[in-house]
Amino acid sequence: QVQLEESGGGLVQAGGSLRLSCAASGRALSAYSMGWFRQAPGKEREFVGTVSWSGHTTYYLDSVKSRFIISKDNAKNTVYLQMNSLKPEDTAVYYCAVATTIWAIPRIESDFGSWGQGTQVTVSS
């Protein structure tokens, strides 16, 4: 069973940047894609982006595509979410998750298995 722990959340002003980290333990993730999701108050959890097992392929939610960058360090068993030009509408709890199937690059929630506990990101205007 893999455990995921997110870190790096916090309070930032609009236009600022944050980098979230998601460290995995219990299983090597070199064959698994990893994703980031977020859930704002009163809203459903939504897909933010995913990075392939190799780190070479990424997909993003349209509204973050030019601002967020997902990367993966297999040597450290860690995935990152670099968030730039943050907006108040980016305020949410951010979660990382592991794909359930090796070599797949999923983009829907049901294709992800283990989840972290989430980290709060708050963007003030």
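Scroll up for the structure.
Residues numbered from 1 in each chain as written. Predicted model: local features only at pLDDT ≥ 70, side-chain atom pairs only at ≥ 80, totals over all residues. Heavy atoms only, no water.

Novice: What am I meant to see in the pattern of salt bridges here?
Specialist: Between side chains of opposite charge, a pair can form as their charged atoms come close. One pass over the full model with this rule turns up 5 salt bridges. The salt bridge involving Arg38 is made with Glu46; its shortest N-O contact spans 2.7 Å. For Arg38, a relative accessible area of 6% gives the class buried. According to the relative accessible area criterion, Glu46 is partly exposed, its value standing at 31%. Between Asp62 and Lys65 there is a salt bridge, with its nearest N and O atoms 3.0 Å apart. (Salt bridge = Lys/Arg side-chain N within 4 Å of Asp/Glu carboxyl O. Buried < 20%, exposed > 50% of the residue type's maximum accessible area, 1.4 Å probe, protein only.)

Novice: Explain the side chain of Ser33 here, please?
Specialist: Positionally, Ser33 belongs in the loop between β3 (18-25) and β4 (34-39). Residue Ser33 is classed as buried on the basis of its relative accessible area, which comes to 0%. A polar side-chain atom of Ser33 sits 2.5 Å from the main-chain carbonyl oxygen of Ala104. Sequence-distant contacts of Ser33, that is, excluding residues within four places in its chain, are made with Thr50, Val51, Ser52, Trp53, Ala97, Val98, Ala99, Ala104, Ile105 and Pro106. (Helix = DSSP H or I, 4+ residues; strand = E, 2+ residues; numbered from the N terminus. Polar contact = N/O pair within 3.5 Å; in protein donor to acceptor, adjacent residues only side chain to side chain. Contact = heavy atoms within 4.5 Å.)

Novice: Would you mind going over the sheet that holds strand β8 (residues 78-83) with me for this structure?
Specialist: Backbone hydrogen bonds are what pair the strands of a sheet, in a parallel or an antiparallel way. Reading across from one edge, β1-β3-β8-β7 is the order of the 4 strands in this open sheet, with antiparallel pairing throughout. Two strands lie at the open edges of the sheet, namely β1 (3-7) and β7 (68-73), each paired on one side alone. Sheet twist, expressed as the average angle between the axes of neighbouring strands with direction ignored, equals 15 degrees. As judged from the 6 bridges shared by β3 and β8, these two strands associate in the antiparallel manner. When the sheet's bridge partners are listed, Leu18 is paired in β8 with Met83. (Pairing = 2+ DSSP bridges. Axes fitted to C-alpha atoms, helices over the stretch in contact; angles between N-to-C directions.)

Novice: What should I look at first to understand the packing of aromatic side chains in this one?
Specialist: The relative placement of two aromatic rings is captured by the distance of their centres and the angle of their planes. Enumeration according to the criterion identifies 5 aromatic pairs in this entry. Geometrically, the ring pair formed by Phe37 and Phe47 is edge-to-face, given 5.7 Å between the ring centres and 75 degrees between the ring planes. A residue pair is termed long-range when its members are at least 10 positions apart, and Phe37 in strand β4 and Phe47 in strand β5 (residues 46-51) qualify at 10 residues. Taking the relative accessible area as the measure of exposure, Phe37 reaches 1% and is therefore buried. Here a set of aromatic residues connected by ring pairs shows up, and it is made of Phe37, Phe47, Phe112 and Trp115. The ring of Tyr95 carries the charged tip of Arg45 above its face, separated from the ring centre by 5.0 Å. Across the ring face of Tyr59, the terminal group of Arg107 is positioned such that the distance to the ring centre comes to 3.7 Å. (Phe/Tyr/Trp six-rings, centres within 6.5 Å; stacked < 30°, edge-to-face > 60°. Lys NZ or Arg CZ within 6 Å of the ring centre and 35° of its normal.)

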